[in-house]
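Read off the chains here:
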Amino acid sequence: MFSDNQKISLRQLQALLFLYFWGTPALLLPAELAGESGRGCWVVMLLGGLAATVFSLVITILWKWEPSWTGVEWLRRLCGSALGSVLAIGFAGKIALDAIVEARVFAEVLRSTVLPHTPLWLVVGVLLLLCVFAVLGGMEGQARTAEILFFFVFLPLVLVLLTAALSAEHAYYLPLEMPTAGQIYKGAAVIQPLFQGMIFLFFLSPFLQRPKQAGKSVFGVCLCITLLMTATVFLCLTVYGVDTLTRKLFPTLQLMERVGFSGIYLGRQDVLLLWFWMASVFLYLSGALFFGSVCCGRIFRQKETIWRKWLWVWLPLILVGTLLPRDIASAYAFRNGIQPYVSAVYVGILPLICIGVHIASERRRRRA
């Protein structure tokens, strides 16, 4: 039963973060990374993932100092009330942009695989309404959903990837190559969308039962996703090679077409991975609607219960925004064009500045 205190456990936090991260980039990343980093793409994935894992620890340090604060309060501390509130709109903008691209890619993939004659607006509208239903249950409802879905996603996913690995007949990853500095730089921008859910870390602390002890849990999830995605990129490279992999649109899905199970033959093996991805997108969009509403409530200094009213602003915003891009390629290209810079500021530079300012203020306070 729900305790209705809107506080989630560390285990539920881990399930949520895992599903937040295993989204659209998991389908597109191997091909994009191969195009930017060549045969050393799996090394770039490993290095970029480890960097994101370290930065997750930087963000969770803030949880120990002010567990009830979000990124909005930290910006106000850094820049003052007025300027901090204006800059906090960037949090909402990033969440909205990521959600729009995620919803658009989801709808296009779903239409191309199982619903070819369904209008785009209908697919997106039904998806968002289902997400609203989940969000109305608050943080605890989403966490319990993720806790249940996790076991139906993670364990079968690992099994399917292992089976795909055993079916590999050629080692197209040979000869081994280490990426150059330029390839690492370009590849890092491609990897960043995989960890787009890290922006939620700025708003999760007030909803955790033990925020001061959550750093290791977040670190563990980021490391797990890094290793899992590195293995996926390496497997795609092994099966297809650099040239073929670069030309594939959804290599992770197409990789599953190679899988057959003894006694059970799936005519569409890729549908299994599609289910994993659908569960992840559903939770991610629910989180975007929830944390976007919470962010707006914090910006306008409203009570915690007011965030539900902002939900009805975010729903049409995401729906209309999803229909605006001309096609899936333009939507993803637009997001990748600005995503690395926005993420570098809000997920990379901002927490480091917050830590520096907090340490400096504490030293001044002790000296006084």
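Residues numbered from 1 in each chain as written. Predicted model: local features only at pLDDT ≥ 70, side-chain atom pairs only at ≥ 80, totals over all residues. Heavy atoms only, no water.

K.L.:
Residue-level account of the overall build of the protein, with values.
P.N.:
Each helix and strand in the protein was counted, giving 14 helices and zero strands. The order of helices and strands in the protein, counted from the N terminus, is α-α-α-α-α-α-α-α-α-α-α-α-α-α. Relative to the 2.2 N^0.38 estimate, which gives 21 Å for 368 residues, the radius of gyration of the protein is 21 Å and therefore close to what a compact globule would have. Taken along its principal axes, the extent of the C-alpha atoms in the protein is 70 × 45 × 40 Å. (Helix = DSSP H or I, 4+ residues; strand = E, 2+ residues; numbered from the N terminus. Rg over C-alpha atoms; globule rule 2.2 N^0.38 Å.)

K.L.:
Report on the side chain of R76, specifying residues and quantitative values.
P.N.:
By the element assignment, R76 lies in helix 4 (residues 71-79). Buried and unpaired, R76 has no salt bridge, with E73 as the nearest side chain of opposite charge at 4.3 Å. Beyond its immediate chain neighbours, meaning those up to four positions away, R76 contacts S81, G84, S85, R298, I299, F300 and R301. (Buried < 20%, exposed > 50% of the residue type's maximum accessible area, 1.4 Å probe, protein only. Lys, Arg positive; Asp, Glu negative; His and termini not counted. Salt bridge = Lys/Arg side-chain N within 4 Å of Asp/Glu carboxyl O. Contact = heavy atoms within 4.5 Å.)

K.L.:
So what about the packing of aromatic side chains? Which residues, and what values?
P.N.:
As enumerated under the stated definition, the model contains 15 aromatic pairs in all. Between the aromatic rings of W69 and W74, the centroid separation amounts to 5.1 Å while the plane-to-plane angle is 75°, which identifies the pairing as edge-to-face. Using a relative accessible area of 24% as the deciding quantity, one classes W69 as partly exposed. A residue is classified by how much of its surface remains accessible, and W74, at 4% relative accessible area, is buried. Each member of the aromatic cluster is reached from another via a ring pair, and the members are Y20, F200, F207, Y284, F290 and F291. (Phe/Tyr/Trp six-rings, centres within 6.5 Å; stacked < 30°, edge-to-face > 60°.)

K.L.:
Let's hear about the layout of surface pockets: which residues, and what values?
P.N.:
Estimated volume of the largest pocket: approximately 560 Å³. If you trace the largest pocket, you find 20 residues lining it, with A188, Q192, P340, S343 and A344 closest to the centre. At the level of secondary structure, the elements contributing two or more residues to the lining of the largest pocket comprise helix 3 (41-65), helix 8 (181-191) and helix 14 (328-367). Residue composition of the lining of the largest pocket, by class: 13 nonpolar, six polar and one charged. (1 Å grid on protein atoms, 1.4 Å probe; cavity = no way out; pocket = protein on both sides within 12 Å on 5 of 7 lines; lining within 4 Å. Points joined across faces, edges and corners; volume = space filled by probe spheres on them. Nonpolar A, V, L, I, M, F, W, Y, C, P; charged D, E, K, R; others polar.)

K.L.:
I'd like a rundown of the pattern of salt bridges, residues and numbers included.
P.N.:
Applying the stated criterion to the full structure yields eight salt bridges. Of the charged contacts in the structure, one is a salt bridge between R104 and E108, with a shortest N-O distance of 2.9 Å. Taken as a pair, R104 and E108 lie in helix 5 (residues 81-113) at a separation of four residues, close to a single helical turn. Each member of the pair, R104 as well as E108, is classed as buried. A salt bridge links E108 to R111; its shortest N-O distance comes to 3.6 Å. With a gap of three residues between them, E108 and R111 both fall in helix 5, about one helical turn apart. The partly exposed category is assigned to R111, whose relative accessible area is 22%. Within this structure, R104, E108 and R111 form a network of salt bridges that share partners.

K.L.:
Account for the environment of F291, naming residues and giving values.
P.N.:
Relative to the assigned elements, F291 resides in helix 12 (residues 270-299). Judged by relative accessible area, which is 0%, F291 ranks as buried. Counting along the chain gives 20 residues from F291 to L311, while the straight-line C-alpha distance between them is 9.5 Å.

All quantities given are derived from atomic positions and should not be read as evidence of function.
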